[in-house]
Amino acid sequence: MDSNVASVSSTGLPRTAVVGVLGGGQLGRMMALAAANLGVRVKCLDPTPDAPASVAAQHVQGHFRDAAAIEDFVKSQGVDVLTMEIEHINTDALALAAKDVKVDIEPSPGTIRVIQDKYAQKQHFAAHGVPLPEFRNIACRGCMESTGKAFGYPFMLKAKRLAYDGKGNYVVRSESDIDAAAAALGGYEAGLYAEKFAPFVKELAVMVVRSRGNSVVSYPVVETIHKDNICHVTEAPAEVAPSLQAKARAIAEKAIACLEGAGIFGVEMFLLPDGEILLNEVAPRPHNSGHYTMDGCVTSQFENHVRAVLGWPLGETRLTAGSAIMLNLLGEADGDEGVRMAHQIMGKAYATPGCKVHWYGKDGMKLGRKVGHINIIAESREEARAKLGQLDPTGLASLK
Ligand code: ATP
Ligand code: MG
Ligand code: MG
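Described below are features of the structure shown in this document.

About the criteria used
Residues numbered from 1 in each chain as written. Chains lettered and ligands numbered in written order. Predicted model: local features only at pLDDT ≥ 70, side-chain atom pairs only at ≥ 80, totals over all residues. Heavy atoms only, no water. Near = heavy atom within 4 Å. Polar contact = N/O pair within 3.5 Å; in protein donor to acceptor, adjacent residues only side chain to side chain. Areas by Shrake-Rupley, 256 points an atom, 1.4 Å probe, with all protein chains shown as cover. Nonpolar A, V, L, I, M, F, W, Y, C, P; charged D, E, K, R; others polar. Phe/Tyr/Trp six-rings, centres within 6.5 Å; stacked < 30°, edge-to-face > 60°. Helix = DSSP H or I, 4+ residues; strand = E, 2+ residues; numbered from the N terminus. Buried < 20%, exposed > 50% of the residue type's maximum accessible area, 1.4 Å probe, protein only. Core = buried A, V, L, I, M, F, W, Y, C linked by side-chain atoms within 4.5 Å. Contact = heavy atoms within 4.5 Å. Pairing = 2+ DSSP bridges.

Brief notes about the site of ligand 1
Alright, step 1. The full set close to ligand 1 counts 21 residues, and Lys158, Asp165, Gly166, Ala198 and Glu203 are the nearest of them.
Alright, step 2. Here a nitrogen atom of ligand 1 sits 2.9 Å away from a polar atom, N or O, in the side chain of Glu195.
Alright, step 3. Asn280 places a polar side-chain atom, nitrogen or oxygen, 2.9 Å from an oxygen atom of ligand 1.
Alright, step 4. Calculation on ligand 1 without its partners gives an accessible area of 620 Å², and the protein chains cover 91% of this total.
Alright, step 5. Of the residues belonging to the shell around ligand 1, the class tally is seven nonpolar, five polar and nine charged.

Comments concerning the packing of aromatic side chains
Given two aromatic rings, one states the distance between the centres and the angle between the planes to describe the pair.
Alright, step 1. A complete count under the given rule lists four aromatic pairs for this structure.
Alright, step 2. Seen in terms of ring centroids, Tyr119 and Phe135 are 5.8 Å apart; in terms of plane orientation they differ by 75 degrees. Their pairing is edge-to-face. Of this pair, Tyr119 sits in helix α6 (residues 118-127) while Phe135 sits in strand β6 (residues 135-138), and the two are 16 residues apart along the sequence.
Alright, step 3. In this structure Phe135 comes out as partly exposed when scored by relative accessible area, which is 22%.
Alright, step 4. Ring pairing ties together the aromatic residues Tyr119, Phe135 and Tyr193, which thus form one cluster.

Remarks on the nonpolar core
In summary, soluble globular proteins display a tendency toward joint burial of nonpolar side chains.
Alright, step 1. In terms of nonpolar packing, the biggest core is built from 25 residues, with Phe125, Leu204, Val267, Met269, Ile277, Leu279 and Val282 touching the most fellow members.
Alright, step 2. Elements with a contribution of two residues or more to this core: β10 (202-210), α9 (242-257), β14 (263-271) and β15 (277-283).
Alright, step 3. Considering each element in turn, this core owes the most residues, six residues, to α9.
Alright, step 4. Each residue touching Ile277, except ones within four places of it in the same chain, is listed here: Pro131, Leu204, Leu244, Lys247, Ala248, Ile251, Met269, Phe270 and Leu271.
Alright, step 5. Ala17, Leu27, Met31 and Val81 belong to the second-largest nonpolar core, a separate cluster that totals 22 residues.

Comments concerning the sheet that holds strand β2 (residues 41-46)
Alright, step 1. Spatially, β3-β2-β1-β4-β5 is the arrangement adopted by the five strands of the open sheet, whose pairing is parallel. The two strands at the open ends of the sheet, each matched to only one other strand, are β3 (58-61) and β5 (104-105).
Alright, step 2. Summarising the sheet, strand β1 (residues 18-22) and strand β4 (residues 81-84) pair through four bridges and their orientation is parallel. Along β4, the bridge assignment pairs Leu22 with Met84.

Notes on the environment of Asn90
Alright, step 1. Its place among the elements puts Asn90 in the loop between β4 and α4 (91-100).
Alright, step 2. Along the primary structure Asn90 and Asn169 are separated by 79 residues, whereas in three dimensions their C-alpha atoms are 22 Å apart.

Encoded structure:
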């Protein structure tokens, strides 16, 4: 065991702590790579053969929504601390595992349960005074009509559960959209709620890491740009006044302070024209808007997640350069054509100083799939943006 591990073993965890991760996609992979650098062993549970995380984690094939698979994973693999790279997991199984197998789960199953139901999440944050767009439960057609009258059009209709990349959202533009919107999200029985439309000037995001001692530390504020509801570009620091940066960090820290358990959290927010900042949603795990930290900050979001769940001291979160832009590599086409297009951008990135390529090694290319990302690190915003323009002119255009 290396000296780093030995020096922090006073946290109560055995020196040979095994971190179990539910999910073995790209987030699990980058978590496992960061853990490997700290001398920490990671095992992941994922149904996909050759899951991306298997390059650095011992991969156990099984589903993270299957209670028996989770329990068996924890028991048979000697997992000391269980964490996750995805919130859409079986929280009943998590709670059982915590009780039966006495495994330490970070963040806590209760936190995952609240966050994975976006309506419950909104209720929780509202009760703790975190600023949010107005929201209300939708149980019937009549609720939609009264919401249209109360919120005005457009308003957002959202599925409470299993949402990602905008799948599970519908913009209701007028009363005549009501039936199509409800049907598109699986009908009123599926569990729906509505949010007032936030006329944002920018979308902001802040990563927050929560220690086992319940302290919270935030990262710099980033602007996030979406393409077809998928994160495309992030820029750190966001081009907003220092007072707004401080406000965004304070809201993000407040939101994470009212949850339980250790780990990294992604906090998505809306900046409104009058300077008001509202929370959109929280992810209880590493987040796409925090990928820039891998090359742009003293400690990456992945390393800080591992440190947090193990009860180690947290690493510094500050930027180490003037600007850090992240460009997601999203599948531009299915199959070989998509690979060729991604390789073209990666080729340019390898030839551009300050660019770092992260390729997830996923099996197969599909349109819209996240297959990697490029971090562009530069002394100034102008320099980072110029390099982004060389790699992806549409990405640069989205920042202006
Ligand atoms: P993710 O992949 O981040 O988990 P998701 O499927 O959970 O996304 P949301 O974050 O709820 O979806 O919404 C996706 C995008 O839709 C937001 O980033 C924002 O651009 C837009 N959006 C969501 N809610 C609102 C709102 N109330 N007003 C205006 N735009 C919104
Ligand atoms: Mg979401
Ligand atoms: Mg979101």
